[in-house]
Structure formats: structure tokens, C-alpha cells
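This is what each chain is made of:
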Amino acid sequence: MDKASAMRAVIIENLQSGAWPAGHRLPTERALSEQFGISRSTVRRTLAELKDEGLISQRVGSGTYANPPSTLAQAEVLLRTEVLSTSPAELMAARLVLEPAIAALVVQHGTPADFAAMQEACAQAEAADSFETFEIWDARLHELMATASHNLFIEKVFALMTAARSQATWGALKRKSLTPQRRQAYQAEHREIVDALHDRDAERAMEAVRRHLLHVRDNLLG
């Protein structure tokens, strides 16, 4: 488990156990950054995710506070805990089922703003000067596809897959497998996917997503 995931797990444990009851003020971003040895931007991103999941609230100029537990939030936390133990092979199998179907929804419901954001993610990935930056924009593109489905349930399911991708095991496999040639191939595949989505060609988009994921799977797992 990486440091960001470890911080997340500690926060959730404190919320679930009642150590931090509703209304409890969480440590500051600076304190969490120093405690877990991660950047404040990473702390901020993790807290934003917890806020989106309804576990905490943030008040400008005041701080971050524990929310009362809800049945939905508790179910999501339990699911996410299970997801973090998902193997890379299981994750790729799930992505091969779900992401082509997400592409079909994007063709139906995507907006010009969605397609522009995906094009920008492609451009940022292509301009990335490090593995880490490329990975951020690679993941961002796939997240934007889920958002462009304009289906909240799909977005929640995809968030679980993103959590699984945050595992140290996944990152080590991706780093090991990502040669310059493979990165160029992924970038071309991303452009093909986005172009098909923009053209609202569901069959071409679904097949492009499937080919890309098969390529990633073969490179990761052999």
C-alpha cells in the first residue's frame, strides 16, 4: 500500500471506529503531510475524494470535519477496502468488461466540454516528461470517460477501479512494462478512442477501448 492509501486507510479507520465522531476536526493538511511523508497536494486530493464520498466536509477558513456516517458511505468504504486487495489480473478483467460499455454511454451522453477535456488529457499525457506525470494524465483520461457517461452509478464504480489502480503493485507493474515505444502506442490508442467518442461512433469506440485494454493487459501481465 502506498503512503496516500495508508493515510486514507487511517482516516477511514478513525471515522468508522468513532475515534473521530461527527463534527470532529481532522488534522490540517500540513500535519497529515508531515505524518505520512507525502505532499500537501496529495493530501488535498485524498481529502477531496473523501469529501466526494460524503465522509468528511470542508469549511473554508475553518478546517475539515468528520460527517455523520451514512449507510451509503459505509457501504462504499467497505467496497473500497475490498477493492484494494484486487489483483492486477482481476482489475484488468473487470476493466475489459466495463470500459467498453462506458464508451458506449459516452457516445450517447458526452458533451462538447467532455470531449474537449479528453483531448486536453491526451495532450498533457503526450507532453509529460516523466512516468509519474504520464500516469496521472493516463488515469485522468479514463476518469473523464466515466464522468462523460453522466451516470452517477458508473462514476462510483469507476472510482473503485481507480482505487485499485492506486495500489503499489499496479504502479510497479506499470513502471516496469512502460517502455518509450509502448507509451507512444498507448498515446496513439488514446487518441483513437477519443476521436471515435467525439465522432459518436459507438462500435469504433468500444473496439478501440477493448484493443487498448488488451494491449495494456498483455504488456502488464504477459
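Nothing here was measured: the structure is a model prediction, and the numbers come from that model.

**Student:** Break down the pattern of salt bridges for me, citing the residues and quoting the values.
**Tutor:** The final tally for this structure, using the stated rule, is 13 salt bridges. Note that Glu192 is salt-bridged to Arg211, the shortest N-O span being 2.3 Å. Of the two residues, Glu192 is situated in helix 10 (residues 180–198) and Arg211 in helix 11 (residues 202–221); the sequence distance between them amounts to 19 residues. Judged by its relative accessible area of 31%, Glu192 falls in the partly exposed class. Looking at Arg211, the relative accessible area reads 37%, which means it is partly exposed. The shortest N-O distance in the salt bridge between Arg217 and Asp218 comes to 3.5 Å. Judged by relative accessible area, which is 31%, Arg217 ranks as partly exposed. A relative accessible area of 40% places Asp218 in the partly exposed class. Three or more residues are tied together by salt bridges with common partners; here these are Glu192, Glu207, Arg210 and Arg211.

**Student:** I'd like a description of the nonpolar core, backed by residues and values.
**Tutor:** By size, the foremost hydrophobic cluster in this structure holds 36 residues, and its most contacted members are Val106, Met118, Met145 and Leu197. For this core, the secondary-structure elements that each account for two or more residues are helix 5 (88–109), helix 6 (112–127), helix 7 (131–148), helix 8 (152–165), helix 10 and helix 11. Excluding its chain neighbours within four sequence positions, the residues that come into contact with Leu197 are Ala103, Val106, Val107, Phe115, Met118, Met145 and Ala205. Formed by 15 residues, the second largest nonpolar core is a distinct cluster that contains Ile11, Ile38, Leu47 and Ala66.

**Student:** Break down the side chain of Thr64 for me, citing the residues and quoting the values.
**Tutor:** By the secondary structure assignment, Thr64 is in strand 2 (residues 63–66). Discounting residues that sit within four places of it in the chain, Thr64 has contacts with His24, Arg25, Leu26, Leu47, Ile56, Ser57 and Gln58.

**Student:** Provide a residue-level description of the environment of Ala185, including the pertinent values.
**Tutor:** Turning to its location among the elements, Ala185 is positioned in helix 10. It is 9.2 Å that separates the C-alpha atoms of Ala185 and His215, two residues lying 30 residues apart in sequence.

Scoring rules and cut-offs
Residues numbered from 1 in each chain as written. Predicted model: local features only at pLDDT ≥ 70, side-chain atom pairs only at ≥ 80, totals over all residues. Heavy atoms only, no water. Salt bridge = Lys/Arg side-chain N within 4 Å of Asp/Glu carboxyl O. Helix = DSSP H or I, 4+ residues; strand = E, 2+ residues; numbered from the N terminus. Buried < 20%, exposed > 50% of the residue type's maximum accessible area, 1.4 Å probe, protein only. Core = buried A, V, L, I, M, F, W, Y, C linked by side-chain atoms within 4.5 Å. Contact = heavy atoms within 4.5 Å.

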